[in-house]
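# Commentary on secondary and tertiary structure
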Amino acid sequence: MRSVPTSDIARAVVPDPDGGGGTVGVDPDIIPQDLLRKYTEYARVNVRPVLRGSTFDQEKIASLYVALRRESSSSGGVPIAVRHIESIMRMSEAHAKMHLREYVRDDDMDASITMMLHSFIMAQKFSVRRSLQRS
């Protein structure tokens, strides 16, 4: 994989991989750096997503906590703590902020649960990790 200087990405000019000296067409998936900077600044200053009890399933979080606590204690792994649940809440707010939403939705919560589960499982010992991945 070739590295492209930041200034070229900002101008959406990507060198020809064949080395012909030309440039390849503009990739619509590449966001110009100045636009990305403005987007993150706007989100940081103006967007404050709120976690409301009616916008996400509290029972889902509680059952996830109980199931992970039970599974990790029975298999001898690192137990899940309340701080993990608080991290899920913060990550869901960050996910909603990234999408410029006023409120945290279920898909924000699902994305944060997926990230936390992956991180929690990868932090376990190999034998515990294997049993957690199966269940």
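Residues numbered from 1 in each chain as written. Predicted model: local features only at pLDDT ≥ 70, side-chain atom pairs only at ≥ 80, totals over all residues. Heavy atoms only, no water.

### A look at the overall build of the protein
- Along the backbone of the protein there are six helices and two strands.
- Secondary structure of the protein in N-to-C order comes out as α-β-β-α-α-α-α-α.
- By residue count, 23% of the 135 residues in the protein fall in the buried class.
- When the accessible surface of the protein is split by element, carbon and sulfur atoms take 56% of a total near 9300 Å². (Helix = DSSP H or I, 4+ residues; strand = E, 2+ residues; numbered from the N terminus. Buried < 20%, exposed > 50% of the residue type's maximum accessible area, 1.4 Å probe, protein only. Areas by Shrake-Rupley, 256 points an atom, 1.4 Å probe, with all protein chains shown as cover.)

### Quick notes on the confidence of the model for the protein
- Confidence along the protein averages 79 in pLDDT terms, with 76% of residues attaining 70 or more.
- Of all helices and strands in the protein, the one with the weakest mean pLDDT is helix α1 (residues 6-10) (53), whereas helix α2 (residues 33-46) scores best (93). (pLDDT = per-residue confidence, 0-100.)

### Section: the pattern of salt bridges
- On inspection of all chains with the given rule, the structure shows five salt bridges.
- Arg-101 is the partner of Asp-107 in a salt bridge, and the nearest nitrogen-oxygen pair spans 3.4 Å.
- Looking at Arg-101, the relative accessible area reads 15%, which means it is buried.
- Asp-107 is the salt-bridge partner of Arg-105, the closest N and O atoms lying 3.0 Å from each other. (Salt bridge = Lys/Arg side-chain N within 4 Å of Asp/Glu carboxyl O.)

### Let's talk about the environment of Ser-92
- On the secondary structure map, Ser-92 appears in helix α4 (residues 82-98).
- Here Ser-92 falls in the buried class, since its relative accessible area comes to 0%.
- In sequence terms Ser-92 and Leu-51 are 41 residues apart; their C-alpha atoms lie 8.6 Å from each other.
- Contact partners of Ser-92, with chain neighbours within four places excluded, come to Leu-51, Val-104, Asp-108, Met-109 and Ser-112.
- A polar side-chain atom of Ser-92 sits 2.7 Å from the main-chain carbonyl oxygen of Met-89. (Contact = heavy atoms within 4.5 Å. Polar contact = N/O pair within 3.5 Å; in protein donor to acceptor, adjacent residues only side chain to side chain.)

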